Amino acid sequence: MKQHDKVSIRPQVTMLSVLKFLEYETWFALAEFVDNAIASYLKYEKDLITIQGDDFRLTISIEINEPENKITVRDNAAGINEEDYPRAFRAAEIPPDNSGLSEFGMGMKSAACWFADEWCVTTTALGENIEKKVCFDMKKIFEDKLEELDVETQLCKKNYHYTIIELLNVNRMPRRRGIGKVKDHLKSIYREFLRKGVLILKVDGEELTFTEPKILKVPRYDEPKGAPILWKKDISFPIEDGLSVHGYVAIREKASTSEAGFALFRRGRVIEGSFDNGFRPDFIFGNPNSFRYQRVFGELHLEGFDVSFTKKGIQWDENLDVFLRLLKDDISSKTFPLLQQAEQYRVRATENEYKAAKKVLDETVDDLEKKAPKALADVVNTAPKVPEPEHTELTKTEKTLNREFEIRFNKVNWKVLIELSYDPSLKELIEVGDSFIKEKSKDESMRQIGIRLSLTHPFMVEFAGVDSSKIEPILRIAAALGLSEVIAKGSGVKTQGEVRRNFNDLISNLSKQE
């Protein structure tokens, strides 16, 4: 049988009115509910396992219902017990034990008010036989200056334990790609609990798992024939009394502009540096075009530091500079020059990467071979006399993948060479060569055209890497640019290569490393 009671929300009711204006991201706001559930689980872990068995795991489910404009967060932690219930709904009521993830007495209230003006909390605590439900209507609370809210109660079994938070008529509903980003950030923020196996975290029924980045294992950059080294260094040092850091710093096997950087932990969860928002101070990482900016990553657990009450950032005070200097010294030693390795190392194509690049090359050339004659004819509506061009050739190198094809255009046979280069000594992103040779079987000349794209150019390293889906469109652009240059030369343009040369200079300057 349902009954009604009251819960006080005094004396900070007016404080609730400003919570909707907090600077949250969606994942940080949802993380407040997750933090509360984890804190409840850790506090009553032994009791929960005693009742549910050794295989019990904390399960938190976030359901984002776009059609109904509603978000529901469910957990099977210990619930909100009778003793804590009055405090749980008063803003800024700090819990007696604030050494865990629930420390400011603001999380649930601030996040719920940020999302919606209407929200409900249903809970039953471990060992109690009462389920309680309270609903907040923020507009009504402010208009009527309410200081107490009705609590709907009903009997339930003693071994029930859960909390359900319902956010209604949500003002900040994540949609489409936003939901994917929420998942990526949450599994990054709670990776430590996920990898330990104490937490099952679901979003719209999908169980989130954290994928560990692969760590580079190669010889030192200045000893290319030396033994391979796993480029990971454990970190542990004091900063000052009561403040310390431990964890690791490493080099990613595959460069990533978005996913490199440090994740800063406190009390087991990421505070700064989740997913694509890595903590990357210039003092260590240099500018965004540097190789170390794309490769260095790590997990650093900070002990003794405070955080903002929204848990979006570490309160560094004057300790940030000290921390960064100590950290940089630790990863720049002569015996283990991790930073220098990240900056100087250049990718050498593995067998799989070689196959991927060759596949891109083959598909592009096959397509060009079919389409180039008509495409060229469409560009050159007339057939101007082709003058004897200045003799140019591609710089010689053996570090390439290449394919040739032949076409006949403007009464001249063309042999077109398309190359993907992995020679780091070649500094231009795109090279074009154009020359004539005598055909052995015919009494006429054949035009030889070479078009090369450098896979080791900083632009390609940063934006394409070894991802064939990114290399292919750039290769097609390079081929089109090269053929356009040849057409211009055949039309009598004497400075046809200036655009490409200026382009190469600009793209190199824009991609320069620090």
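Parameters and conventions
- Residues numbered from 1 in each chain as written.
- Predicted model: local features only at pLDDT ≥ 70, side-chain atom pairs only at ≥ 80, totals over all residues.
- Heavy atoms only, no water.
- Pairing = 2+ DSSP bridges.
- Helix = DSSP H or I, 4+ residues; strand = E, 2+ residues; numbered from the N terminus.
- Axes fitted to C-alpha atoms, helices over the stretch in contact; angles between N-to-C directions.
- Disulfide = S-S within 2.5 Å.
- Buried < 20%, exposed > 50% of the residue type's maximum accessible area, 1.4 Å probe, protein only.
- Contact = heavy atoms within 4.5 Å.
- Core = buried A, V, L, I, M, F, W, Y, C linked by side-chain atoms within 4.5 Å.
- Phe/Tyr/Trp six-rings, centres within 6.5 Å; stacked < 30°, edge-to-face > 60°.
- Lys NZ or Arg CZ within 6 Å of the ring centre and 35° of its normal.
- pLDDT = per-residue confidence, 0-100.
- Patch = residues over 30% accessible without salt bridge, like charges linked within 9 Å, V, L, I, M, F, W, Y side chains within 5 Å.
- Areas by Shrake-Rupley, 256 points an atom, 1.4 Å probe, with all protein chains shown as cover.
- Salt bridge = Lys/Arg side-chain N within 4 Å of Asp/Glu carboxyl O.
- Lys, Arg positive; Asp, Glu negative; His and termini not counted.
- Charge placed at Lys NZ, Arg CZ, Asp CG, Glu CD.
- Left-handed = near helix turned anticlockwise from the far one by under 90°.
- Nonpolar A, V, L, I, M, F, W, Y, C, P; charged D, E, K, R; others polar.
- Polar contact = N/O pair within 3.5 Å; in protein donor to acceptor, adjacent residues only side chain to side chain.

### Thoughts on the sheet that holds strand S16 (residues 296-303)
Turning to step 1, where the next piece is worked out: With respect to topology, 5 strands assemble into an open sheet ordered S12-S13-S16-S14-S15, the strand pairing being mixed. Looking at which strands have only one partner, the edges of the open sheet turn out to be strand S12 (232-240) and strand S15 (269-272). Averaged over all pairs of adjacent strands, the angle between their axes in this sheet comes to 30°, without regard to strand direction.
Turning to step 2, where the next piece is worked out: Examined bridge by bridge, strand S13 (residues 243-251) and S16 share 8 bridges and lie antiparallel to one another. Bridge pairing links Ile 251 to Val 296 in S16.

### Some thoughts on unusual backbone geometry
Turning to step 1, where the next piece is worked out: For Asn 69, which is not glycine, the phi dihedral falls at a positive 50°.
Turning to step 2, where the next piece is worked out: Structurally, Asn 69 can be placed in the loop between strand S2 (58-65) and strand S3 (70-75).

### Quick word on the state of the cysteines
Turning to step 1, where the next piece is worked out: Throughout the structure, instances matching the rule amount to 1 disulfide.
Turning to step 2, where the next piece is worked out: Paired through a disulfide, Cys 120 and Cys 135 show a sulfur-sulfur distance of 2.1 Å. Here Cys 120 and Cys 135 share a disulfide; its torsion about the S-S bond, 110°, makes the bridge right-handed. Separated by 15 residues along the polypeptide, Cys 120 in strand S4 (residues 118-124) and Cys 135 in strand S5 (residues 130-137) bring together distant segments of the chain.
Turning to step 3, where the next piece is worked out: Residue classification places Cys 120 among the buried positions, given a relative accessible area of 7%.

### Examining the environment of Ile 62
Turning to step 1, where the next piece is worked out: With respect to the helices, strands and loops of the structure, Ile 62 is situated in strand S2.
Turning to step 2, where the next piece is worked out: Put simply, Ile 62 and Leu 201 are 139 residues apart on the chain and 8.0 Å apart in space, counted from C-alpha to C-alpha.
Turning to step 3, where the next piece is worked out: Once residues lying within four places of it in the same chain are set aside, the contact partners of Ile 62 are Leu 30, Val 34, Ile 71, Thr 72, Val 73, Leu 186, Leu 201, Lys 202, Val 203 and Asp 204.

### Concerning the nonpolar core
Turning to step 1, where the next piece is worked out: Core analysis: the biggest nonpolar cluster contains 61 residues, and Phe 33, Ile 62, Phe 115, Leu 167, Leu 186, Tyr 190 and Leu 201 have the highest contact counts within it.
Turning to step 2, where the next piece is worked out: Looking at this core, the element that brings in the most residues is helix H2 (residues 26-43), giving 10 residues.
Turning to step 3, where the next piece is worked out: Once residues lying within four places of it in the same chain are set aside, the contact partners of Phe 115 are Thr 26, Ala 29, Leu 30, Phe 33, Ile 71, Leu 167, Val 170, Asn 171 and Arg 172.
Turning to step 4, where the next piece is worked out: Formed by 33 residues, the second largest nonpolar core is a distinct cluster that contains Ile 235, Tyr 293, Leu 302 and Phe 305.

### Focus: the packing of aromatic side chains
Each aromatic ring pair is specified by the distance between its two centres and by the angle formed by the two planes.
Turning to step 1, where the next piece is worked out: By the definition in use, this model includes 12 aromatic pairs.
Turning to step 2, where the next piece is worked out: Ring geometry for Tyr 248 versus Phe 297: centroids 6.0 Å apart, planes at 85°, classification edge-to-face. Here the residue Tyr 248 occupies a position in strand S13, and Phe 297 occupies one in strand S16, the gap between them amounting to 49 residues. Phe 297 matches Tyr 248 in its accessibility class, with the two residues each being buried.
Turning to step 3, where the next piece is worked out: Chaining the aromatic ring pairs together yields one cluster made of Phe 279, Phe 305, Trp 316 and Phe 323.
Turning to step 4, where the next piece is worked out: A cation sits over an aromatic face here: Arg 280 above Tyr 293, 4.0 Å from the ring centre.
Turning to step 5, where the next piece is worked out: Positioned above the aromatic ring of Phe 283, the side-chain terminus of Lys 328 is 4.5 Å from the ring centre.

### Describing the confidence of the model for the chain
Turning to step 1, where the next piece is worked out: On average, residues of the chain score 84 in pLDDT, and 84% of them reach the 70 mark or higher.
Turning to step 2, where the next piece is worked out: In this model residues 382-389 is a low-confidence stretch, pLDDT under 50, and it forms 17 contacts with partners more than four residues away in sequence or in other chains.

### Section: a negative patch on the surface
Turning to step 1, where the next piece is worked out: Taken together, the side chains of Glu 240, Asp 241, Asp 306, Asp 317 and Glu 318 present a region of like negative charge at the surface.
Turning to step 2, where the next piece is worked out: For Glu 240, a relative accessible area of 40% puts it in the partly exposed group.

### Describing the pairing of S13
Turning to step 1, where the next piece is worked out: For S13, the buried fraction is high: 7 of the 9 residues fall into the buried class.
Turning to step 2, where the next piece is worked out: Looking at chain direction, S12 and S13 are connected through 8 bridges and run antiparallel. Looking at S13, one finds that Lys 233 is bridged to Val 249.
Turning to step 3, where the next piece is worked out: Where S12 folds back onto S13 in an antiparallel hairpin, the turn is made up of 2 residues, including Gly 242, whose phi is positive at roughly 85°.

### Looking at the pattern of salt bridges
A side chain of one charge can pair with a side chain of the opposite charge when the charged atoms of the two come close.
Turning to step 1, where the next piece is worked out: Scanning the model with the defined rule gives 26 salt bridges in all.
Turning to step 2, where the next piece is worked out: The closest approach of N and O atoms between Arg 195 and Glu 212, which form a salt bridge, is 3.0 Å. Placement of the pair is Arg 195 in helix H8 (residues 191-196) and Glu 212 in the loop between strand S9 (206-207) and strand S10 (217-218), with a sequence separation of 17 residues.
Turning to step 3, where the next piece is worked out: For Arg 195, a relative accessible area of 36% translates into the label partly exposed.
Turning to step 4, where the next piece is worked out: By relative accessible area, which is 40% here, Glu 212 ends up partly exposed.
Turning to step 5, where the next piece is worked out: With a shortest N-O distance of 3.3 Å, Asp 330 and Lys 233 are connected by a salt bridge. With a gap of 97 residues between them, Asp 330 in helix H11 (residues 319-330) and Lys 233 in strand S12 connect regions that are remote in the sequence.
Turning to step 6, where the next piece is worked out: Through salt bridges with shared partners, one network takes in Arg 191, Glu 192, Arg 195, Lys 196, Glu 212 and Glu 299.

### Let's talk about the packing of H2 against helix H5 (residues 107-115)
For any two helices packed against each other, one specifies the crossing angle of their axes together with the interaxial distance.
Turning to step 1, where the next piece is worked out: Put simply, H2 and H5 touch, their axes get as near as 9 Å, and they point 145° apart. Every pair of crossing elements has a handedness; the one defined by H2 and H5 is left-handed. Along the contact surface, H2 presents Thr 26, Ala 29, Leu 30, Glu 32, Phe 33 and Asn 36, while H5 presents Gly 107, Met 108, Ser 110, Ala 111, Ala 112, Trp 114 and Phe 115.
Turning to step 2, where the next piece is worked out: The residue inventory of the contact of H2 with H5, partitioned by class, reads 8 nonpolar, 4 polar and 1 charged.

### Structural notes on the side chain of Asp 75
Turning to step 1, where the next piece is worked out: Relative to the assigned elements, Asp 75 resides in strand S3.
Turning to step 2, where the next piece is worked out: Summary of buried charges: Asp 75 has no salt-bridge partner, and the nearest side chain of opposite charge, Arg 74, is 10 Å away.
Turning to step 3, where the next piece is worked out: At 2.9 Å, the side chain of Asp 75 and the backbone nitrogen of Ala 77 are in polar contact.
Turning to step 4, where the next piece is worked out: Apart from the residues within four sequence positions on either side, Asp 75 is in contact with Ala 37, Thr 59, Ile 60, His 161, Tyr 162 and Thr 163.

### A word on the environment of Leu 326
Turning to step 1, where the next piece is worked out: Within the fold, Leu 326 resides in helix H11.
Turning to step 2, where the next piece is worked out: Accessibility expressed as a relative area gives 33% for Leu 326, which makes it partly exposed.
Turning to step 3, where the next piece is worked out: Note: C-alpha distance between Leu 326 and Pro 238 (88 residues apart in sequence) is 9.2 Å.
Turning to step 4, where the next piece is worked out: Excluding residues within four positions of it along the chain, Leu 326 makes contact with Phe 237, Pro 238 and Ile 239.

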